[in-house]
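# Chains, contacts and geometry: an overview
Take a look at the letters that make up each chain.
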Amino acid sequence: MCDELERVQAPGTLIACAGFTLAVYLLSGAMIQPSDSILIVDFGSQVTQLIARRVREAGVYSEIAPFQLAADAFARMQPKGIILSGSPASVLEEDSPRIPQVILDSGLPVMGICYGQQALMHQLGGTVELGDSGEFGRAFIEIDDRCELFDGLWTEGETHQVWMSHGDKVTALAPGFRPVAASAGAPFAVIADDARRYYAMQFHPEVVHTPDGAKLIANFARHVCGLTGDWSMAEFRAAKIAEIREQVGDKRVICGLSGGVDSAVAAVLIHEAIGHQLTCVFVDHGLMRSGEADQVVSLFRNHYNIPLVHVACETLFLNGLAGVTDPEAKRKFIGKTFIEVFEGEAKKIGGAEFLAQGTLYPDVIESVSFTGGPSVTIKSHHNVGGLPERMNMKLVEPLRELFKDEVRALGRELGLPDIFVSRHPFPGPGLAIRIPGEVTRERCDILRKADAIYLEEIRNAGLYDAIWQAFAVLLPVRSVGVMGDGRTYDNVLALRAVTSVDGMTADAYHFTGEFLSRCATRIINEVKGINRVTYDYTSKPPGTIEWE
């Protein structure tokens, strides 16, 4: 899904972390089942999960199912409405995805987006043709008629910005449909069949580039489908606790802590469900930010009184990283070693039948494409695939249905300190991939000090919560400098800060020159070994958020 494969998680995400939406992929196993829900049929769009996010933001539970499995999901969920996603395919292709007939026969409201609109027309008697030029990017639609989807939002005669991304286009409507909005490249930009409560649009309302898109989706969920929008995180918490208790019974669970929000929330939720049947293992690889290891131990041992095994193994990891410069080799070594250490501790603990593993919702939908093929790997992840099968343990995955923002909301619901709930994402390999080139104890210490100063300045300026992720990178570059009356030849540090909604795309945060100058001055004066500081203005894409 886009480039979200870069999403950063600490090594504990192999064991227990969490992820992003209360939308659920069909493959997620046991799950909560609210009575009011919307089924999202995935035809392979890169932004299908954004549809789920928008439905969730409207306070309505949703699940995503690939089109091949949508009929089964429909039977299980008994949803109150259906949303059809976009797709890279063309309905004009012989083997292109189709809407399951059970959905069209259900009498439920349907909302088709881009390919979803074209599929509706193709299967209901309209005409779809290959476009001459397509329509991509920002576009403007003219509202031609009233429509329940527009209630309280758009009125006849207005013009509104939307985001288009299509080659094919509808050229004739199926019986029962009428046009309600048009753009220069799409005469049927929005269409409606009021009797059947079918609504479809050629643009993408789920992306932020359609300013009113979230409201359109909310209108569908709440006005057209008649859902109340009262699904809450408190309800999720209660349902998950009951689910964990039913699954685990009186057996024991082991759970890995990473120090990040995901593993922290997962551990506290499981502990609330089963108490001292849970034991947490914190594999401290020595590659964390300043003070984080102490914070993890203090929170779980002292505040929550959760049984915790703290494994300090910095030397093991640093010795294994000696001479390693390839970023993928670093990631794989750290992941492999983390597993080995955790497995050893699990054997020492003994008697646990369940392994708590937090699987991010986007990881689930990235790992299975709508065609059943593999996703493209941008970077190796630490929370897909889990621990070796030889551990022979059953999985407890309490946060599998959540997007990152919802994990934070659940953390607040559980009463976790804000220092954990609001913490910026942190990569599984830790500082190892923020040190391009060889990783040494000295370079880790230099980076840790510089990064702490940078984050302190961000917090002092009141900017921490406005930034998705901020960190420093110690470059494999030295530069000449002058300090006092002497020549220096020291390290170069890069500062990075981005804004984002979900990590899929990101823009560089635009600090003032005064702020950056203050950070650079402090770092050079206070951290021995750095004599030059730069700032990374690259967006994602084309860059990734992390450097390695």
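Residues numbered from 1 in each chain as written. Predicted model: local features only at pLDDT ≥ 70, side-chain atom pairs only at ≥ 80, totals over all residues. Heavy atoms only, no water.

## So, the overall build of the protein chain
The cut-off we apply is this: Secondary structure counts use DSSP, requiring at least four H or I residues in a row for a helix and at least two E residues in a row for a strand, with both numbered from the N terminus. Burial classes: relative accessible area under 20% of the type maximum marks a residue as buried, over 50% as exposed, and values in between as partly exposed (1.4 Å probe, protein chains only). Contacts are residue-level and defined by heavy atoms, with any inter-residue pair within 4.5 Å sufficient. In this description, accessible areas are obtained by the Shrake-Rupley approach with a 1.4 Å probe, and a residue is regarded as covered only by the protein chains that are shown.
Looking only at helices and strands, the protein chain features 15 helices and 21 strands. Looking at the protein chain residue by residue over its 548 residues, the buried ones come to 61%. At a minimum sequence separation of 6, the contacts of the protein chain that also span at least 24 residues come to 78%. Summed over all atoms, the accessible surface of the protein chain reaches about 20,800 Å², with 51% contributed by carbon and sulfur.

## Some words on helix α6 (residues 233-248)
This is how it is decided: Take the residue count of a helix, subtract one, and multiply by 1.5 Å to get its expected span. Arc definition: it is the arc formed by the directions from the helix axis to the C-beta atoms.
Compared with an ideal rise of 1.5 Å per residue, which puts 16 residues at 22 Å, α6 spans 22 Å between its outermost C-alpha atoms and is within 8% of the ideal. Those residues of α6 that sit buried are Met233, Phe236, Arg237, Lys240, Ile241, Glu243, Ile244 and Val248. All buried residues of α6 lie within an arc of 170° about the axis, which places them on one face of the element. Just beyond α6, the residue with positive phi is Gly249, at close to 65°.

## So, the sheet that holds strand β15 (residues 308-312)
Just so we agree on the cut-off: In this scheme, strands are said to pair when DSSP sees at least two bridges between them. Each axis is a line fitted through C-alpha atoms, taken for helices only over the stretch in contact, and angles between the N-to-C directions span 0 to 180 degrees.
Ordered by their spatial adjacency, five strands build an open sheet running β15-β14-β13-β16-β17, and the pairing between neighbours is parallel. Unpaired on one side and paired on the other, β15 and β17 (394-396) mark the two borders of the sheet. Strand-to-strand twist of the sheet, defined as the mean angle between neighbouring strand axes without regard to direction, takes the value 30°. With five bridges joining them, strand β13 (residues 252-257) and strand β14 (residues 278-284) adopt parallel strand pairing. Bridging from a neighbouring strand, Ile254 pairs with Thr279 of β14. Contacting β13, β14, β15 and β16 (352-356), helix α10 (residues 327-349) runs over the sheet at an angle of about 145° to β14.

## Comments concerning the packing of aromatic side chains
For clarity, the threshold we go by: Within 6.5 Å between ring centres, the rings of Phe, Tyr and Trp (the latter by its six-membered ring) count as paired, and their orientation is classed by plane angle as stacked under 30 degrees, edge-to-face over 60, tilted in between. Both a distance and an angle decide whether a charge sits over a ring: NZ of Lys or CZ of Arg must be within 6 Å of the ring centre and within 35 degrees of the ring normal.
Tallied over the entire structure, the rule returns 13 aromatic pairs. With centroids separated by 4.4 Å and ring planes inclined at 20°, the aromatic side chains of Phe511 and Phe515 adopt a geometry described as stacked. With relative accessibility at 3%, the residue Phe515 sits in the buried group. Residue placement shows Arg434 over the ring face of Phe471; its charged tip is 4.0 Å from the ring centre.

## Quick word on the pattern of salt bridges
Applied cut-off: A side-chain nitrogen of Lys or Arg and a carboxyl oxygen of Asp or Glu constitute a salt bridge if their distance falls within 4 Å.
According to the stated counting rule, one finds 26 salt bridges in the structure shown. Asp194 is the partner of Arg178 in a salt bridge, and the nearest nitrogen-oxygen pair spans 2.7 Å. Placement of Arg178 in strand β10 (residues 178-183) and of Asp194 in the loop between β11 (190-193) and β12 (198-201) is noted, with a sequence separation of 16 residues between them. Exposure remark for Arg178: the relative accessible area of 24% places this residue in the partly exposed category. For Asp194, a relative accessible area of 37% translates into the label partly exposed. For Glu456, the salt bridge goes to Arg522, with nearest N and O atoms at 3.3 Å. In this pair, Glu456 is assigned in helix α14 (residues 441-460) and Arg522 in helix α15 (residues 513-526), connecting sequence segments 66 residues apart. Its relative accessible area of 37% is what places Glu456 among the partly exposed residues. Among the ionic contacts, a cluster of salt bridges with common partners joins Glu456, Glu457, Arg518, Arg522 and Glu526.

## Here we look at the state of the cysteines
Rule in force here: Two cysteine sulfurs form what is called a disulfide whenever their separation falls within 2.5 Å.
A complete count under the given rule lists zero disulfides for this structure. Between Cys255, a free cysteine, and Cys280, which holds the nearest cysteine sulfur, the sulfur-to-sulfur gap is 4.4 Å. A residue is classified by how much of its surface remains accessible, and Cys255, at 0% relative accessible area, is buried. Note on Cys280: relative accessible area 0%, which makes it buried.

## Let's talk about the confidence of the model for the protein chain
What counts here: On a scale of 0 to 100, pLDDT captures the predictor's confidence in every residue.
With 86% of its residues at a pLDDT of 70 or more, the protein chain shows a mean pLDDT of 85. Note that residues 1-31 has pLDDT below 50 and, in this model, 184 contacts with residues that lie over four places away or in other chains.

## Thoughts on the pairing of strand β18 (residues 469-483)
Every other side chain in a regular strand lies on the same face of the sheet, so the side chains alternate between the two faces. Relative to strand β19 (residues 486-499), β18 runs antiparallel, the two sharing 12 bridges. Across the sheet, the residue bridging to Ala470 is Ala497, located in β19. Count of turn residues in the β18/β19 antiparallel hairpin: two residues, of which Gly484 carries a positive phi of about 70°.

## A look at the packing of helix α9 (residues 314-321) against α14
Two quantities define a packed helix pair, namely the angle between the helix axes and the distance between the axes. Rule in force here: When an angle is under 35 degrees it counts as roughly parallel; over 145 it counts as roughly antiparallel; between 65 and 115 it counts as roughly perpendicular; any other value is oblique. When residues are grouped by polarity, Ala, Val, Leu, Ile, Met, Phe, Trp, Tyr, Cys and Pro land in nonpolar, Asp, Glu, Lys and Arg in charged, and all others, Gly among them, in polar.
For the pair α9 and α14, the least separation of the axes is 10 Å and the interaxial angle reads 110°. Put simply, α9 runs roughly perpendicular to α14. Facing Glu314, Thr315 and Leu318 of α9, the residues of α14 in contact are Arg441, Cys444 and Arg448. Each residue belonging to the contact of α9 with α14 can be placed in one class, and the counts come to two nonpolar, one polar and three charged.

## Examining the environment of Asp326
Let me state the cut-off plainly: Here a polar contact is recorded for every N or O atom pair within 3.5 Å, except that within protein the pair must consist of a potential hydrogen donor and a potential acceptor, and residues adjacent in sequence are included only if both atoms are side-chain atoms.
Among the structural elements, Asp326 can be located in the loop between α9 and α10. Sequence-wise, Asp326 and Ile433 are 107 residues apart; in three dimensions their C-alpha atoms are separated by 9.6 Å. In this structure the side chain of Asp326 is engaged in a polar contact, spanning 3.1 Å, whose partner is the backbone nitrogen of Glu328.

## Here's the deal with the environment of Asp194
Along the primary structure Asp194 and Val224 are separated by 30 residues, whereas in three dimensions their C-alpha atoms are 9.9 Å apart. Ignoring sequence-local partners within four residues, the contact set of Asp194 consists of Arg178 and Tyr199. A distance of 2.7 Å separates polar atoms of two side chains, one belonging to Asp194 and the other to Arg178.

## Topic: unusual backbone geometry
Look at the link from Lys540 to Pro541: it is a cis peptide, with omega at -15°. Mapped onto the fold, Pro541 is located in the segment after β21 (530-536). Across the junction of Pro541 and Pro542, the peptide omega takes the value 10°, indicating a cis bond. Looking at where Pro542 falls in the secondary structure, it is placed in the segment after β21. Although it is not a glycine, Arg197 adopts a positive phi angle of roughly 60°. Positionally, Arg197 belongs in the loop between β11 and β12.

## Details of the nonpolar core
Which entries qualify depends on this criterion: Take the buried residues of types Ala, Val, Leu, Ile, Met, Phe, Trp, Tyr and Cys, join any two whose side-chain atoms come within 4.5 Å, and each joined set is a nonpolar core.
Tyr454, Ile458, Leu493, Leu495, Phe511, Ile523 and Ile530 are the most contacted members of the largest nonpolar core, which has 49 residues in total. Breaking this core down by element, the ones donating at least two residues are β14, α9, α10, α14, β18, β19, α15 and β21. What Tyr454 contacts, discounting residues up to four positions off in sequence, is Ala470, Phe471, Ala472, Leu495, Arg496, Ala497, Phe511, Phe515, Cys519 and Tyr535. Among the nonpolar cores identified, the runner-up in size contains 43 residues, and Met233, Ile274, Leu414 and Val421 belong to it.

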